[in-house]
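# Fold and contact review
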Amino acid sequence: MKAMIFAAGTGSRLKPYTDHIPKALIPIDGKPMLEHIILKLKAAGFTEIIINVHHLGEQIIEFLAGKDNFGITIHISDERDYLLDTGGGIKHAAQFLQGDEPFLVHNVDIISNVDLKALYQHHLDTNPLATLLVSKRDTSRYLLFNKENKLSGWRNKETGEVKSYYPDFDPSIHNEFAFNGIHVISPQIFEWMDEWTGKFSIINFYLAVCAKTPIQAFEQADLRILDIGKPDALELAQDFIKDIE
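Given the structure is predicted, the values throughout are model-derived calculations rather than measurements. (Residues numbered from 1 in each chain as written. Predicted model: local features only at pLDDT ≥ 70, side-chain atom pairs only at ≥ 80, totals over all residues. Heavy atoms only, no water.)

Now for helix H7 (residues 202-209). Spacing of three or four residues puts side chains on the same side of an α-helix, whose turn is 3.6 residues. Among the eight residues that make up H7, seven are buried, leaving the element largely enclosed by the rest of the structure. Buried within H7 we find Ile202, Ile203, Phe205, Tyr206, Leu207, Ala208 and Val209. For H7, the N-terminal cap is Ser201; the gap from its side-chain oxygen to the backbone nitrogen of Ile203 is 3.1 Å. (Buried < 20%, exposed > 50% of the residue type's maximum accessible area, 1.4 Å probe, protein only. Helix = DSSP H or I, 4+ residues; strand = E, 2+ residues; numbered from the N terminus. Polar contact = N/O pair within 3.5 Å; in protein donor to acceptor, adjacent residues only side chain to side chain.)

Bringing the UniProt feature "domain: Nucleotidyl transferase" (unreviewed entry) in the chain into the picture now. Listed under "domain: Nucleotidyl transferase" (unreviewed entry) in the UniProt record, and renumbered for this structure, are residues 2-148. Here residues 2-148 runs as 30% helix and 27% strand, with 27 Å between its end C-alpha atoms. (UniProt positions renumbered as here; feature names shortened; annotations may be inferred.)

What follows covers the environment of Ile173. Mapped onto the secondary structure, Ile173 falls in the loop between strand S11 (162-163) and strand S12 (175-185). Judged by its relative accessible area of 57%, Ile173 is exposed. For the pair formed by Ile173 and Leu144, sequence separation is 29 residues and the distance between their alpha carbons is 9.1 Å.

One pass over the full model with this rule turns up eight salt bridges. Taking the shortest distance from any N to any O, the salt bridge between Lys242 and Asp29 comes out at 3.9 Å. Of this pair, Lys242 sits in helix H8 (residues 231-244) while Asp29 sits in the loop between strand S2 (27-28) and strand S3 (31-32), placing them 213 residues apart in sequence. What emerges from the salt-bridge pattern is a single network uniting Arg13, Lys23, Asp109 and Asp227. (Salt bridge = Lys/Arg side-chain N within 4 Å of Asp/Glu carboxyl O.)

Time to look at the environment of Ala44. Mapped onto the elements, Ala44 comes out in the loop between helix H1 (33-43) and strand S4 (48-53). A relative accessible area of 10% places Ala44 in the buried class. Expressed as a C-alpha distance, the spacing of Ala44 and Asp115, which sit 71 residues apart in the sequence, is 8.2 Å. Once residues lying within four places of it in the same chain are set aside, the contact partners of Ala44 are Met1, Leu116 and Lys117. (Contact = heavy atoms within 4.5 Å.)

What follows is the structure in structure tokens.
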């Protein structure tokens, strides 16, 4: 099974920590964020991992070499010349991700107790274009899903802005979920991305195609998740990761 880890971010929210070290290598409980995610993926049965790099990317490459790629196949998707955002990053890594099986995408700064095997199996059982790990946590921006758990739109609760490609879209009759930075994607996505070039957001892409092909929500009842992309969360991460491992 294949997975991609988004590790190319500049880590601007974690300055000054990220002035001299990429966000992916900031230690949590004695191990870099990246190592925690790689080991979680490996334990779930993923044997081939693609990692994109940008800010101080050579440090990530050296770290992986020093760990002998943790005994699995690891490819580097190099974005050091130009950061491509989440959608562009997936398309840029197509040479590694194309094939007959779905692949999982995991943000490097998300730690959780998600059952990756269950998420992946749910995607296989239902066969949408993508399956997104979501929850009811508080946020300012929500993805909106219909009664069949299919993505239909997006809403910013602070500004009131709504996005949807469905005609006469009514956000009030949809379920609001926060996206948690982990998703499983069918390789057919690259056919849908033919006209998308350069830097683009995967969420904007999902919103643009969801009226034509299913993008599905997945909830885990006991999900515990922490976004460690901010300094205050970084302080909580050590105890959090001990509790879920």
